[in-house]
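# Structural overview for review
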Amino acid sequence: GDSVTQMEGPVTLSEEAFLTINCTYTATGYPSLFWYVQYPGEGLQLLLKATKADDKGSNKGFEATYRKETTSFHLEKGSVQVSDSAVYFCALSLSNFGNEKLTFGTGTRLTIIP
Amino acid sequence: KAGVTQTPRYLIKTRGQQVTLSCSPISGHRSVSWYQQTPGQGLQFLFEYFSETQRNKGNFPGRFSGRQFSNSRSEMNVSTLELGDSALYLCASSLDIYGYTFGSGTRLTVV
């Protein structure tokens, strides 16, 4: 079935460090890909998305490129801040009728140290 | 515009009881889906409703059910609660598969 594999955490970085969180997927069709972020005690917030191959999603300094050849959607940020501390989820959705849902990875907890 | 509203935010129930959670989607969104989040299993899809019809269902026992009303508001019900049902239940509304907006969730504790 469809699945998302993302980098195990937790990840701890110093402020202003470069961030990469790896995400790969398996899907039977052509998925749309997402990164969601969850802050303590809150629901999920959409961080960025890409709906077709080679699309680049970006938001708040975060970027991810939809790579069909490697079935990947790695999240990157050039300089992290303490406020980026959260849990990050990679997810996919498919356009197949009757299969309208998000499939999530396990989440990566990110902690940024001042 | 108003986001997705889930009520209540917190709930404590006893084993064997039943519970109903509510979700009000963003105005104009006709799709509502539900997810269970636990430390052990992560985020798992429960079901999705569109225009009052269940279109998709995850691998959960029949104790988990839901419905959607004509105004797109949705409820999910869990009967005969078990300790393992303790979780954060998240609702998401969407116009299409490209943009799911989540509520803050209902944290259910079964004791």
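So, here is what we can say about the structure in this document. Here the structure is a predicted model, which is why all the values come from computation and not from measurement.

### Quick look at the layout of surface pockets
- Each pocket or cavity is described by its volume, and for the largest pocket that value is around 510 Å³.
- Around the largest pocket sit 23 residues that line it, and A:Q38, A:F89, A:R109, B:Q37 and B:P39 are the ones nearest its centre.
- When residues of the lining of the largest pocket are traced back to their parent elements, those giving at least two are β10 (86–93) of chain A together with β4 (31–38), β5 (42–50), β9 (87–94) and β11 (106–110) of chain B.
- Counting residues per element, the lining of the largest pocket draws most heavily on β11(B), at 3 residues.
- Here the lining of the largest pocket is built from residues that sort into 9 nonpolar, 11 polar and 3 charged.

### Some points on the side chain of B:Q36
All names here are of chain B.
- Inspection of the secondary structure puts Q36 in strand β4.
- Side chain to side chain, Q36 and Y89 meet in a polar contact 3.0 Å long.
- Not counting chain neighbours up to four residues away, the residues in contact with Q36 comprise G42, L43, Q44, L46, F60, F64, G84, D85, A87, L88 and Y89.

### Re the sheet that holds strand β3 (residues 19–21) of chain A
All names here are of chain A.
- Within the open sheet, the 4 strands sit side by side as β3-β9-β8-β7. Their pairing is antiparallel. The open sheet has two edge strands with one neighbour each: β3 and β7 (56–59). Neighbour-to-neighbour, the strand axes of this sheet turn through a mean angle of 15°, independent of strand direction.
- Relative to strand β8 (residues 62–65), β7 runs antiparallel, the two being bridged by 4 bridges. Across the sheet, the residue bridging to N59 is F62, located in β8.

### Focus: the interface of chain A and chain B
- On the chain B side, the residues contacting the 20 residues of chain A number 17 residues.
- Together, the buried faces of chain A and chain B total about 1700 Å²; carbon and sulfur atoms form 57% of this surface.
- Along the contact surface separating chain A from chain B lie 0 salt bridges.
- Where the side of chain A that touches chain B is concerned, the elements lending two or more residues are β5 (32–38), β6 (44–50), β10 and β11 (102–104) of chain A.
- When residues of the side of chain A that touches chain B are assigned to their parent elements, the largest contribution, 4 residues, is made by β5(A).
- A class-by-class count of the residues in the side of chain A that touches chain B yields 7 nonpolar, 9 polar and 4 charged.

### A closer look at unusual backbone geometry
- Cis geometry marks the peptide bond from A:G9 to A:P10, where omega comes out at -5°.
- With respect to the helices, strands and loops of the structure, A:P10 is situated in the loop between β1 (3–6) and β2 (11–14).
- Going from B:T7 to B:P8, the amide bond is cis rather than trans, its omega being -10°.
- In the Ramachandran plot, A:E16 falls in the positive-phi region, its phi being about 75° despite a non-glycine side chain.
- On the secondary structure map, A:E16 appears in the loop between β2 and β3.
- According to the relative accessible area criterion, A:E16 is exposed, its value standing at 60%.
- In this structure, A:K60 takes a positive phi of about 55° despite not being glycine.
- Within the secondary structure layout, A:K60 lies in the loop between β7 and β8.

### Comments concerning the pairing of β9(B)
Residue and element names in this part refer to chain B.
- Counting buried positions over the 8 residues of β9 gives 8, a clear majority of the element.
- Residues A87, Y89, C91 and S93 point to one face of β9 and L88, L90, A92 and S94 to the other, with burial holding for every one of them.
- Relative to β9, β4 is paired through 7 bridges, and the arrangement is antiparallel. From the neighbouring strand, Y35 faces β9, where its bridge partner is L90.
- For β9 and β11, the ladder comprises 3 bridges, and the chain directions are antiparallel. Note on β11: the bridge partner recorded for A87 is L108.
- In this structure, the hairpin formed by β9 and strand β10 (residues 100–102) is closed by a connection of 5 residues.

About the thresholds
Residues numbered from 1 in each chain as written. Chains lettered and ligands numbered in written order. Predicted model: local features only at pLDDT ≥ 70, side-chain atom pairs only at ≥ 80, totals over all residues. Heavy atoms only, no water. 1 Å grid on protein atoms, 1.4 Å probe; cavity = no way out; pocket = protein on both sides within 12 Å on 5 of 7 lines; lining within 4 Å. Points joined across faces, edges and corners; volume = space filled by probe spheres on them. Helix = DSSP H or I, 4+ residues; strand = E, 2+ residues; numbered from the N terminus. Nonpolar A, V, L, I, M, F, W, Y, C, P; charged D, E, K, R; others polar. Polar contact = N/O pair within 3.5 Å; in protein donor to acceptor, adjacent residues only side chain to side chain. Contact = heavy atoms within 4.5 Å. Pairing = 2+ DSSP bridges. Axes fitted to C-alpha atoms, helices over the stretch in contact; angles between N-to-C directions. Buried area = accessible area lost by both parts, 1.4 Å probe. Salt bridge = Lys/Arg side-chain N within 4 Å of Asp/Glu carboxyl O. Buried < 20%, exposed > 50% of the residue type's maximum accessible area, 1.4 Å probe, protein only.

Geometric descriptors of this kind do not, in isolation, establish any biological role.
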